[in-house]
Amino acid sequence: ARLRVAIATAIETDRSDAVVLGCAGMARLAAMLSEELGLPVVEGVSAAVRFAESLVALGLRTGKTGAYATPLAKPYAGAMAPFAPQTLAPAS
């Protein structure tokens, strides 16, 4: 009942054309509310999963530049020098 009041207030006050539910626990209410209210009701977790699925279907991957670029090599000094990648012996 409180959810319906909040949605009705948003529709009237903000002239909302859609509702986005803010909790996965409300997922089961999305279809019922959408039909009852006559406007789209989006449940965030399902929408996020579909979005991720669409990115995979399109063959898109994480970019390899900027924040996702391979980090620059860091020098190993002092007590950590023996653990530098170039000095590690291959596994036997």
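Our structure is the block above this text.
Cut-offs used in this document
Residues numbered from 1 in each chain as written. Predicted model: local features only at pLDDT ≥ 70, side-chain atom pairs only at ≥ 80, totals over all residues. Heavy atoms only, no water. Helix = DSSP H or I, 4+ residues; strand = E, 2+ residues; numbered from the N terminus. Buried < 20%, exposed > 50% of the residue type's maximum accessible area, 1.4 Å probe, protein only. Salt bridge = Lys/Arg side-chain N within 4 Å of Asp/Glu carboxyl O.

Draft legend 1. Just unusual backbone geometry, in detail. In this structure, Arg15 takes a positive phi of about 55° despite not being glycine. One can find Arg15 in the loop between helix H1 (2-14) and strand E1 (19-21). You can call Arg15 exposed: its relative accessible area is 69%.

Draft legend 2. Spatial organisation of the environment of Met26. Residue position: Met26 is located in the loop between E1 and helix H2 (30-37). Each C-alpha atom, one on Met26 and one on Leu3, is 9.8 Å from the other, the two residues being 23 residues apart in sequence.

Draft legend 3. Spatial organisation of the pattern of salt bridges. For the coordinates displayed, the defined rule picks out two salt bridges. Across the pair Arg4 and Glu36 runs a salt bridge, and its minimum N-O distance is 2.7 Å. Placement of the pair is Arg4 in helix H1 and Glu36 in helix H2, with a sequence separation of 32 residues. With a relative accessible area of 37%, Arg4 lands in the partly exposed category.

By themselves, these observations are geometric and do not establish any function.
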